[in-house]
Amino acid sequence: MPTITVTDVAIRSRDIKLPGTCPGCHRCLQADGALKLWGFADESRSGRLRRAGDVDSVAGLVLGDDLPKSGETFIDNVAISCRYCNHMFVEGAFTVWPAR
Ligand SMILES: [Zn+2]
């Protein structure tokens, strides 16, 4: 029976304060489209089992074959920057722990 690696995702949120105007370009951050919001979206794709030597894995095909219909699997505000000058206000921590 093939053995493959699966990834666990844990999400931790925190509150931050943003200025009313960008310190980089001094534009008002309440204007429509002033902020660039980064996030992660869950998606699925077709794949298959494969074996190379004595290592099993799964190989995915085309990304985005099947996107969720609701936003419940969307992880929002991972990073926030100014849309005009790219000043970065906050970036969420991305940590990878060794496999158990
Ligand atoms: Zn700016």
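For the structure itself, consult the block above.
What you are looking at is a predicted structure, and each value in this text was computed from that prediction instead of being measured. (Residues numbered from 1 in each chain as written. Predicted model: local features only at pLDDT ≥ 70, side-chain atom pairs only at ≥ 80, totals over all residues.)

1. Details of the overall build of the chain
In step 1: Check the secondary structure of the chain and you find zero helices and five strands.
In step 2: Seen in sequence order, the chain has helices and strands lined up from the N terminus as β-β-β-β-β.
In step 3: Residue burial in the chain is summarised as follows: out of 100 residues, 1% are buried.
In step 4: Long-range pairs, those at least 24 residues apart, make up 51% of the contacts in the chain with a sequence separation of at least 6. (Helix = DSSP H or I, 4+ residues; strand = E, 2+ residues; numbered from the N terminus. Buried ≥ 20, exposed ≤ 12 C-beta atoms within 10 Å, placed from the backbone. Contact = placed C-beta atoms within 7 Å.)

2. Thoughts on the sheet that holds strand 1 (residues 35-41)
In step 1: Strand order in this open sheet of three strands is 1-4-5, and the pairing throughout is antiparallel. The open sheet has two free edges, formed respectively by strand 1 and strand 5 (88-91), since each of these has just one partner strand. Across this sheet, the average inter-strand angle for adjacent strands is 30 degrees, counted without regard to direction.
In step 2: Sheet topology note: the strand 4 (residues 74-82)/strand 5 ladder contains three bridges and is antiparallel. Bridging from a neighbouring strand, Ser 81 pairs with Met 88 of strand 5. (Pairing = 2+ DSSP bridges. Axes fitted to C-alpha atoms, helices over the stretch in contact; angles between N-to-C directions.)

3. Some remarks on unusual backbone geometry
In step 1: Although it is not a glycine, His 26 adopts a positive phi angle of roughly 65 degrees.
In step 2: Inspection of the secondary structure puts His 26 in the segment before strand 1.
In step 3: By C-beta crowding, His 26 is classed as exposed, having 9 other C-beta atoms within 10 Å.
In step 4: Positive phi is not limited to glycine here, since Asn 86 has a value of about 65 degrees.
In step 5: In this fold, Asn 86 is placed in the loop between strand 4 and strand 5.

4. Looking at the environment of Arg 51
In step 1: Assignment of secondary structure puts Arg 51 in strand 2 (residues 47-52).
In step 2: C-beta crowding within 10 Å serves as the criterion here: with 9 such atoms nearby, Arg 51 is assigned to the exposed category.
In step 3: In this structure, the C-alpha to C-alpha distance between Arg 51 and Thr 3, residues 48 residues apart in sequence, is 9.9 Å.

5. Thoughts on the environment of Leu 29
In step 1: On the secondary structure map, Leu 29 appears in the segment before strand 1.
In step 2: A tally of 17 C-beta atoms within 10 Å means that Leu 29 is categorised as partly exposed.
In step 3: Setting aside chain neighbours within four positions, we find Leu 29 in contact with Leu 18, Pro 19, Gly 20, Thr 21, Cys 22, Ala 34 and Leu 35.

6. What about the pairing of strand 4?
In step 1: Pairing of strand 1 with strand 4, which is carried by six bridges, proceeds in the antiparallel orientation. Bridging across to strand 4, Phe 40 finds its partner in Ile 75.
In step 2: Hairpin connection of strand 4 to strand 5: five residues between the antiparallel strands, including Asn 86 at a positive phi of 65 degrees.

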